[in-house]
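Residue-level structure breakdown
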Amino acid sequence: MILRNRLKNPHAMMSIGMLCLVLALCWQRFLPLTAGLGPDLSDGARGVLFGVSIGMNLWSVRLAARQRRCGES
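Quick notes on the rules
- Residue indices begin from 1 for each chain and proceed along its sequence in written order.
- In keeping with the model being predicted, local features are shown solely for residues with a pLDDT of at least 70 and side-chain atom pairs are shown and tallied solely at 80 or more, while totals for entire chains, interfaces and linings include all residues.
- Excluding hydrogens and water, the side-chain figures rest on all heavy atoms present in the structure.
- Think of it this way: any DSSP run of H or I at least four residues long counts as a helix, any run of E at least two long counts as a strand, and we number them from the N terminus.
- Take the residue count of a helix, subtract one, and multiply by 1.5 Å to get its expected span.
- Bend, at a single residue, is the angle you get between axes fitted to the 7 residues ending at that residue and the 7 residues starting at it.
- Partly exposed describes any residue whose relative accessible area lies between the buried limit of under 20% and the exposed limit of over 50%, with all areas from a 1.4 Å probe on protein chains only and scaled to the type maximum.
- Here a polar contact is taken to be a pair of N or O atoms separated by no more than 3.5 Å, where protein atoms must pair a possible hydrogen donor with a possible acceptor and residues adjacent in sequence count only if both atoms sit in side chains.

1. Description of helix H2 (residues 10–30)
- For H2, built from 21 residues, the straight-helix expectation of 30 Å at 1.5 Å per residue is met to within 8% by its first-to-last C-alpha distance of 29 Å.
- When the local axis directions of H2 are compared, the greatest deviation, roughly 30°, occurs at Ala-24.
- Within the sequence span of H2, burial applies to Pro-10, Ala-12, Met-13, Gly-17, Cys-20 and Ala-24.
- If you check the start of H2, you find a side-chain oxygen 3.2 Å away from the backbone N of His-11, and it comes from Asn-9.

In structure tokens:
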């Protein structure tokens, strides 16, 4: 229920997207490959974080534009 309300808020979506971006960028620096994850799994998880980040940021831009457009009428 809480997540549904945040999915309509572009600022919350942008925050989630930026958090995923920071995690993806810092992934290899703070989680060494010797932590039990193979290099392929590590690259896959990093790619998922980048994908979620791009998706959330684009979604937040779309929501903001839609809210701005509806508010002008």
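2. Observations concerning the environment of Gly-55
- Along the chain, Gly-55 turns up in helix H3 (residues 39–72).
- Of the residues examined, Gly-55 reaches a relative accessible area of 35% and is grouped as partly exposed.
- For Gly-55 and Gly-17, which are 38 residues apart along the polypeptide, the C-alpha to C-alpha distance reads 7.5 Å.

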